[in-house]
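Tertiary structure, described
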Amino acid sequence: DAKTTQPTSMDCAEGRAANLPCNHSTISGNEYVYWYRQIHSQGPQYIIHGLKNNETNEMASLIITEDRKSSTLILPHATLRDTAVYYCIVSGGADGLTFGKGTHLIIQP
Amino acid sequence: KAGVTQTPRYLIKTRGQQVTLSCSPISGHRSVSWYQQTPGQGLQFLFEYFSETQRNKGNFPGRFSGRQFSNSRSEMNVSTLELGDSALYLCASSLRGVKTDTQYFGPGTRLTVL
């Protein structure tokens, strides 16, 4: 699986959009980009995934660059409950998800 | 639809003992994966089962084993526990365990080895 690079931590004001970047420059053509988040000591929660098109669901939007070497997760109106560690993961499936250290997003009141 | 459930949620054992953890996947999901999360190593893949067969295995010693039943429920076993086995053990299920399937995680079992 391709390796991902994420900032260690980020702050965002409550009510503003949180934009979390992820670099995955070695991604191959058939690998998906997945985003999960983990609130302290709970199981990771699936947020969104995509292959090459931008995706949106009730939780977030995923913007993938045209060359697929990076992506951005957007939480449109961050709340205090969005404070968590966010993991960007490439591929997965039967080989298991390879989690990096993720980004610790802190929503400030 | 009910989510992934794991039992027990918390467990305390002593070195040398063995432990069995249980995972019930989302109804209709046939793939179950297990992960270990520790502060030092983060989240690491242990193994994956599909249709009662282990399909993939991570880089863990043979003390870690698992099985899957015909109803897709899965158990993992750790024998001869070591202090370093203290961790949050997570189970995730998906429809078929392929790249296009999303994995959904349970709440985890917190194992403490004394």
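A brief report on the enclosed structure follows. (Residues numbered from 1 in each chain as written. Chains lettered and ligands numbered in written order. Predicted model: local features only at pLDDT ≥ 70, side-chain atom pairs only at ≥ 80, totals over all residues. Heavy atoms only, no water.)

1. Considering the overall build of chain A
Short version of the rule: To qualify as a helix, a DSSP run of H or I must reach at least 4 residues; to qualify as a strand, a run of E must reach at least 2; elements of each kind are numbered from the N terminus. This radius of gyration counts C-alpha atoms alone. The globule rule is 2.2 Å times how many residues there are, raised to the power 0.38. For every residue, the accessible area (1.4 Å probe, protein chains only) is compared with the maximum for its type, and the residue is labelled buried under 20%, exposed over 50%, or partly exposed between those bounds.
Per the secondary structure count, chain A includes zero helices and nine strands. Listing each helix as α and each strand as β along chain A from the N terminus yields β-β-β-β-β-β-β-β-β. Radius of gyration (C-alpha) of chain A: 13 Å, near the 13 Å computed for a compact globule of 109 residues. Seen through its C-alpha atoms, chain A measures out along the principal axes to roughly 40 × 30 × 25 Å. A total of 109 residues make up chain A; the buried ones form 46% of that total.

2. A word on the state of the cysteines
Residue and element names in this part refer to chain A. Applied cut-off: In this description, a disulfide is simply a cysteine sulfur pair whose atoms lie within 2.5 Å.
Applying the stated criterion across every chain, the model contains two disulfides over all chains. A sulfur-sulfur separation of 2.1 Å characterises the disulfide bridge that pairs Cys22 with Cys88. The disulfide joining Cys22 to Cys88 has a torsion of about -80° about its S-S bond and is therefore left-handed. One end of the pair, Cys22, is in strand β2 (residues 18-23); the other, Cys88, is in strand β8 (residues 84-90), with 66 residues separating them in the sequence.

3. Topic: the interface of chain A and chain B
Going by this rule: Contact definition: two residues touch when any of their heavy atoms are within 4.5 Å. Using a 1.4 Å probe, buried area is obtained as the accessible area two parts lose upon being combined, added over both of them. We define a salt bridge as a side-chain nitrogen of Lys or Arg found within 4 Å of a carboxyl oxygen belonging to Asp or Glu. Counted as a polar contact is a pair of N or O atoms within 3.5 Å, where, for protein atoms, one must be capable of donating a hydrogen and the other of accepting one, and residues adjacent in sequence contribute only when both atoms are in side chains.
Tallying the contact residues gives 20 residues for chain A and 21 residues for chain B. Here chain A packs against chain B, burying approximately 1700 Å² in sum over the two surfaces, 49% of which is carbon and sulfur. One can count zero salt bridges joining chain A with chain B. Between chain A and chain B we count five residue pairs in polar contact (both at pLDDT 80 or more) in total. Element by element, the count of residues in the side of chain A that touches chain B is highest for strand β3 (residues 33-38) of chain A, at three residues.

So yeah, pure geometry; function would need other evidence.
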